[in-house]
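Architecture at a glance
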Amino acid sequence: MPEYIIHCKKRKTHLNSRIAVIIGKRKLLRAKNGDVSRKKWSLRKKLLLIFAVMFLLGGGFYAASNLWIAAYSDSVYDEIPRLPETYTAVVLGCSPFIGSTGRQNLYFRYRMNAAAMLYHSGRIKTLLLSGDNGRKGYNEPEAMRQYLLTLGVPDSALYCDYAGFSTLDSMIRAEAIFGQKKFIVISQRFHCERAVFLARCKGLEAYGFAAENVESPLWKYRSLFRESLARPAAILDLITMRDARFGGEKVDMTAPQMRAL
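Because the structure is predicted, anything quoted here is derived from the model rather than measured.

**Side note on the overall build of the protein chain**
Within the protein chain one finds six helices and six strands. Overall, the protein chain shows an N-to-C arrangement of helices and strands of α-β-β-α-β-α-β-α-β-α-β-α. By sequence separation, contacts in the protein chain at least 24 residues apart represent 76% of the contacts at least 6 residues apart. Carbon together with sulfur atoms contributes 61% to the accessible area of the protein chain, which is approximately 16,100 Å² in total.

And the structure:
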């Protein structure tokens, strides 16, 4: 066989070997890429599964919290004759004005009207005004006190809790600081349900007196949305056994008050 033919065959064999090696490398590379893609897809599926489980658990907790607290609506009353007689009522505070607009907050006004009406009915002897006084120039209890004085409630019947930074704080401090184990809570109905729930979970005998609600659709649905988020947060506070942010000296609500002139 001629030498050039042998040489051509060797070159062809060598070329085929190199082609086979390249093809093999490509197949190996594709296999590796396939493994990486499968691993990425597997990771995505795991993340999606974790997200779906968290979403379902969160949604279930949200719904269960709202239903659980709504079950206390039977302990919230719209009519004074249906309320039990108690020594005091806790009035839950809010801002007297809407932001910096200077317009009066109707939630505030309606709560004060309900508090004055309940006091004048003779069903209670005192009012415990619980609200936020955590920054300079902002004093919910004092704003409530001043408003109630204009409605004919005597100053001697008004007690201020300046550390009612949350509904839970107000309920805890009503017993821990002011010594009240049985009381009426005054706020809008949706708020009263949560307050009564928290108080009952703390072993207190609480009832709600529902103040008039704000009928503006914007404010009404905004408040209901915020309340729907506050209810799961209230459950978490109980689970984590959160206490009131501040303690303080005990106040005897049966003793005459001494106010600075």
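**Here's the deal with the layout of surface pockets**
Put simply, the largest pocket is a space of about 850 Å³. Surrounding the largest pocket, 33 residues form its lining, Gly-93, Cys-94, Arg-111, His-191 and Arg-226 being those nearest its centre. When contributions to the lining of the largest pocket are tallied by element, the ones reaching two or more residues are helix 2 (106-120), helix 4 (167-176), helix 5 (189-201) and helix 6 (217-239). Broken down by element, the lining of the largest pocket gets its largest block of residues, eight residues, from helix 6.

**Thoughts on the packing of aromatic side chains**
Under the definition given, this model contains five aromatic pairs. Consider the rings of Phe-108 and Tyr-147, whose centres lie 5.6 Å apart with planes at 90°: the pair is edge-to-face. Residue Phe-108 is located in helix 2, and its partner Tyr-147 is located in helix 3 (residues 140-150); the two are separated by 39 residues in the primary sequence. Through a chain of ring-to-ring contacts, three or more aromatic side chains come together here, namely Trp-68, Tyr-72 and Phe-197. A cation over an aromatic ring shows up here: Arg-135 above the ring of Tyr-138, its NZ or CZ 4.1 Å from the ring centre. Here Arg-200 stacks its cationic end above the ring of Tyr-207, 5.3 Å away from the centre of that ring.

**Topic: helix 2**
The terminal C-alpha atoms of helix 2 lie 21 Å apart, and with 15 residues this matches the ideal 21 Å at 1.5 Å per residue to within 8%. Within helix 2, the full set of buried residues consists of Tyr-107, Phe-108, Tyr-110, Arg-111, Met-112, Ala-114, Ala-115, Ala-116, Leu-118 and Tyr-119. Gly-122 sits one or two residues past helix 2 and shows a positive phi near 85°.

**So, the pairing of strand 4 (residues 158-161)**
Burial of the side chains of strand 4 extends over both faces: Leu-158 and Cys-160 are buried on one face and Tyr-159 and Asp-161 on the other. Relative to strand 4, strand 3 (residues 126-130) runs parallel, the two sharing four bridges. Its bridge partner lying in strand 4, Leu-128 is registered against Tyr-159. The parallel pair strand 3 and strand 4, bridged by helix 3, forms a crossover whose chirality is right-handed.

**Quick notes on helix 6**
Helical geometry: 3.6 residues make up each α-helical turn, so side chains three or four residues apart lie on a common side. Along its 23 residues, helix 6 runs 34 Å from first to last C-alpha, staying within 8% of the 33 Å computed at 1.5 Å per residue. Following helix 6 by one or two positions, Met-241 has its phi on the positive side, about 55°.

**Observations concerning the sheet that holds strand 5 (residues 182-188)**
An order of 1-6-5-2-3-4 is seen for the six strands of this open sheet, with the pairing classed as parallel. Each of the sheet's edge strands pairs with one partner strand only, and the pair in question is strand 1 (76-77) and strand 4. Of the strands in this sheet, strand 2 (88-92), strand 3, strand 4 and strand 5 are in contact with helix 4, which crosses strand 2 at around 160°.

**Points about the pairing of strand 5**
Across the seven residues of strand 5, six count as buried, placing the element largely inside the fold. In terms of strand pairing, strand 5 meets strand 6 (residues 205-211) through seven bridges, oriented parallel. Looking at strand 6, one finds that Lys-182 is bridged to Glu-205. With helix 5 bridging strand 5 and its parallel neighbour strand 6, the resulting β-α-β unit is right-handed.

The rules behind each value
Residues numbered from 1 in each chain as written. Predicted model: local features only at pLDDT ≥ 70, side-chain atom pairs only at ≥ 80, totals over all residues. Heavy atoms only, no water. Helix = DSSP H or I, 4+ residues; strand = E, 2+ residues; numbered from the N terminus. Contact = heavy atoms within 4.5 Å. Areas by Shrake-Rupley, 256 points an atom, 1.4 Å probe, with all protein chains shown as cover. 1 Å grid on protein atoms, 1.4 Å probe; cavity = no way out; pocket = protein on both sides within 12 Å on 5 of 7 lines; lining within 4 Å. Points joined across faces, edges and corners; volume = space filled by probe spheres on them. Phe/Tyr/Trp six-rings, centres within 6.5 Å; stacked < 30°, edge-to-face > 60°. Lys NZ or Arg CZ within 6 Å of the ring centre and 35° of its normal. Expected span 1.5 Å × (residues − 1). Buried < 20%, exposed > 50% of the residue type's maximum accessible area, 1.4 Å probe, protein only. Pairing = 2+ DSSP bridges. Right-handed = clockwise from strand over helix to strand, strands pointing away. Axes fitted to C-alpha atoms, helices over the stretch in contact; angles between N-to-C directions.

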